[in-house]
Amino acid sequence: MPLRDLIGNARVAKALTRANARDRLPHALLFAGPDGVGKRTFAMELAKAVTCHSPVDGDACGTCDSCVRATSGEHPDIRVFVPEGTLHKIAQMRELAREAQYRPFDDHRRVMIVDDAHKMRDEAANAILKTLEEPPPTTLIVLVTDKPYSLLGTIRSRCQTLRFAPVDAESIEGFLGERFKRPADETKVLSRVAAGRIGRALSTDLSVYRDRRKEMLGLIELLASRGDRLRLMKAAQFLADVGRKDRSELDARLDLFVDLCRDVYGVALGEPSDGVANADVTLRLEALAASTPPERIATWIDAVERLRERLRQNANRQVALEAMLLGLGGE
């Protein structure tokens, strides 16, 4: 899919195609923005446009031999570096620096894409610093990150930063509706709970999402009713067990807890229904909003952020969850 047809961030797509058409692309780009808004897809489509044999107004034609190889992931002049485990290794970045000096196989440009660039430690980042400072004219380097300020300042200063914004729900809904056969109400739910992230919309299993939402909405209702300590402790035990088996599952539930709190907060302040992500459970959200002061809901959101910080510092998961839920339930 060429840059011109990607969902959202049309301003970025236009800037990239215009610069490519004029041969004015910088030697290094930093794609920064929330996770899941399409930054990596933009990077891949830019690489296709840069290596295309018959570009159309700076965009990929999509049909030439170069575009076909790029689409299949077999283009020799396009390299994508992803973290090995949790981090980019020094050896990976040294390999990038070495390959950046090679002449393109196809007589156009080589494109090096570093996904999750914030996962470079200082030593790995320093391994490409000189390459970013004095790159060969035939190489384009694209760093992709949702945490740009986790990168060394010396890295950021050597790249031109393009900022990506969340995609509006209507665009996501239209995209999903065109490409997937599912009931319209399900498409609408997915487009809203994606929170502007096309990647989240594509990866979300709606049945799993609804199961998690049922759990978290029940927990919020328990807190709102100042539920008994035993039930809150059982909820903490359940979440701790989930996190023990799979940290990402706990993170998903905490994210959902916060999203639901924001929905309740919005309803309480009279936000229009199209601004509520979980609009298909509006009646329960309205009941919560009617019985819970907005200020109290805000403290629940803050409490989750404090919990995350404690967990990052290796606090005991169950103890931290119990302390949070019992504290919120007793307010």
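Refer to the structure printed above.
Residues numbered from 1 in each chain as written. Predicted model: local features only at pLDDT ≥ 70, side-chain atom pairs only at ≥ 80, totals over all residues. Heavy atoms only, no water.

Topic: the nonpolar core
Line of reasoning, step 1. Residues Leu-219, Phe-257, Trp-300 and Leu-325 are the most contacted members of the largest nonpolar core, which totals 52 residues.
Line of reasoning, step 2. When residues of this core are assigned to their parent elements, the largest contribution, nine residues, is made by helix α11 (residues 206-224).
Line of reasoning, step 3. Contact partners of Leu-325, with chain neighbours within four places excluded, come to Leu-219, Leu-223, Leu-232, Ala-235 and Ala-236.
Line of reasoning, step 4. The next biggest cluster of nonpolar side chains, apart from the first, holds 24 residues, and it includes Leu-6, Ala-19, Phe-31 and Val-50. (Core = buried A, V, L, I, M, F, W, Y, C linked by side-chain atoms within 4.5 Å. Buried < 20%, exposed > 50% of the residue type's maximum accessible area, 1.4 Å probe, protein only. Helix = DSSP H or I, 4+ residues; strand = E, 2+ residues; numbered from the N terminus. Contact = heavy atoms within 4.5 Å.)

Overview of empty space enclosed by the protein
Remark: the empty space left among the atoms is shown by a probe the size of a water molecule rolled over them.
Line of reasoning, step 1. Considering all chains together, one arrives at one cavity of 30 Å³ or more under this definition.
Line of reasoning, step 2. When its volume is computed, the largest cavity comes out at roughly 40 Å³.
Line of reasoning, step 3. The wall of the largest cavity is formed by Met-216, Leu-219, Leu-239, Leu-254, Phe-257, Val-304, Met-324 and Leu-325.
Line of reasoning, step 4. Broken down by secondary-structure element, the contributors of at least two residues to the lining of the largest cavity are α11, α13 (247-268) and α16 (317-329).
Line of reasoning, step 5. Looking at the lining of the largest cavity residue by residue, the class counts come to eight nonpolar, no polar and no charged. (1 Å grid on protein atoms, 1.4 Å probe; cavity = no way out; pocket = protein on both sides within 12 Å on 5 of 7 lines; lining within 4 Å. Points joined across faces, edges and corners; volume = space filled by probe spheres on them. Nonpolar A, V, L, I, M, F, W, Y, C, P; charged D, E, K, R; others polar.)

Brief notes about the packing of aromatic side chains
Line of reasoning, step 1. On inspection of all chains with the given rule, the structure shows two aromatic pairs.
Line of reasoning, step 2. Considering the side-chain rings of Phe-31 and Phe-164, the 5.1 Å spacing of their centres and the 50° angle between planes classify their relative orientation as tilted. A residue pair is termed long-range when its members are at least 10 positions apart, and Phe-31 in strand β1 (residues 28-32) and Phe-164 in the loop between β5 (160-163) and α8 (169-179) qualify at 133 residues. There is no split in this pair, since Phe-31 and Phe-164 are both buried.
Line of reasoning, step 3. Judged by centre distance (5.0 Å) and plane angle (80°), the rings of Phe-42 and Phe-164 are edge-to-face. In this pair, Phe-42 is assigned in helix α2 (residues 39-51) and Phe-164 in the loop between β5 and α8, connecting sequence segments 122 residues apart. The residues Phe-42 and Phe-164 share a single accessibility class, namely buried. (Phe/Tyr/Trp six-rings, centres within 6.5 Å; stacked < 30°, edge-to-face > 60°.)

What to know about the layout of surface pockets
Line of reasoning, step 1. Of the volumes computed, that of the largest pocket is approximately 1,200 Å³.
Line of reasoning, step 2. Taken together, 42 residues make up the lining of the largest pocket; nearest its centre are Val-193, Ala-195, Arg-197, Arg-200 and Asp-259.
Line of reasoning, step 3. Within the residue set of the lining of the largest pocket, elements represented by two or more residues are α8, α9 (184-193), α10 (198-203), α11, α13 and α15 (294-312).
Line of reasoning, step 4. Broken down by class, the residue content of the lining of the largest pocket amounts to twelve nonpolar, nine polar and 21 charged.
Line of reasoning, step 5. The space that makes up the second largest pocket amounts to roughly 390 Å³.
Line of reasoning, step 6. Among the secondary structure elements, those contributing two or more residues to the lining of the second largest pocket are α2, β4 (139-145) and α10.

Focus: the packing of α13 against α15
Line of reasoning, step 1. Relative to each other, α13 and α15 sit at 160°, their axes nearing to 9 Å. It follows that α13 is roughly antiparallel to α15 by the angle criterion. Here α13 and α15 pass one another in a crossing that is left-handed. Contact residues: α13 offers Arg-247, Leu-250, Asp-251, Leu-254, Asp-255, Phe-257, Val-258, Cys-261, Arg-262, Val-264, Tyr-265 and Ala-268, while α15 offers Pro-294, Ile-297, Ala-298, Trp-300, Ile-301, Val-304, Glu-305, Leu-307, Arg-308 and Leu-311. (Axes fitted to C-alpha atoms, helices over the stretch in contact; angles between N-to-C directions. Parallel < 35°, antiparallel > 145°, perpendicular 65-115°, else oblique. Left-handed = near helix turned anticlockwise from the far one by under 90°.)

Quick notes on a positive patch on the surface
Line of reasoning, step 1. Taken together, the side chains of Lys-14, Arg-18, Arg-22 and Arg-24 present a region of like positive charge at the surface.
Line of reasoning, step 2. Here Lys-14 lies in helix α1 (residues 10-21).
Line of reasoning, step 3. A residue is classified by how much of its surface remains accessible, and Lys-14, at 53% relative accessible area, is exposed. (Patch = residues over 30% accessible without salt bridge, like charges linked within 9 Å, V, L, I, M, F, W, Y side chains within 5 Å. Areas by Shrake-Rupley, 256 points an atom, 1.4 Å probe, with all protein chains shown as cover. Salt bridge = Lys/Arg side-chain N within 4 Å of Asp/Glu carboxyl O. Lys, Arg positive; Asp, Glu negative; His and termini not counted. Charge placed at Lys NZ, Arg CZ, Asp CG, Glu CD.)

Regarding the environment of Asp-185
Line of reasoning, step 1. Locating Asp-185 in the fold gives a position in helix α9.
Line of reasoning, step 2. Placed 95 residues apart in sequence, Asp-185 and Asp-280 show a C-alpha to C-alpha distance of 8.4 Å.

Looking at the sheet that holds strand β3 (residues 110-114)
Line of reasoning, step 1. Ordered in space as β2-β3-β4-β1-β5, the five strands form an open sheet in which the pairing is parallel. Edge positions in the sheet fall to β2 (78-81) and β5, since each has one partner strand and no second. On average, each strand axis in the sheet is tilted by 20° relative to the strand beside it, whichever way the strands run.
Line of reasoning, step 2. The pairing of β2 with β3 spans four bridges and is parallel. (Pairing = 2+ DSSP bridges.)

Some details on α16
Note that an α-helix has 3.6 residues per turn; residues three or four places apart therefore point the same way.
Line of reasoning, step 1. The end-to-end C-alpha distance of α16 is 18 Å, a good match for the 18 Å that 13 residues give at a rise of 1.5 Å each.
Line of reasoning, step 2. Turning to α16, its buried residues number three or more, namely Ala-320, Leu-321, Glu-322, Met-324, Leu-325, Leu-326, Leu-328 and Gly-329.
Line of reasoning, step 3. Tucked inside the fold, the buried residues of α16 contact α11, α12 (229-245) and α15.
Line of reasoning, step 4. Residue Asn-316 occupies the N-cap position of α16, its side-chain oxygen lying 3.1 Å from the main-chain nitrogen of Gln-318. (Expected span 1.5 Å × (residues − 1). Polar contact = N/O pair within 3.5 Å; in protein donor to acceptor, adjacent residues only side chain to side chain.)

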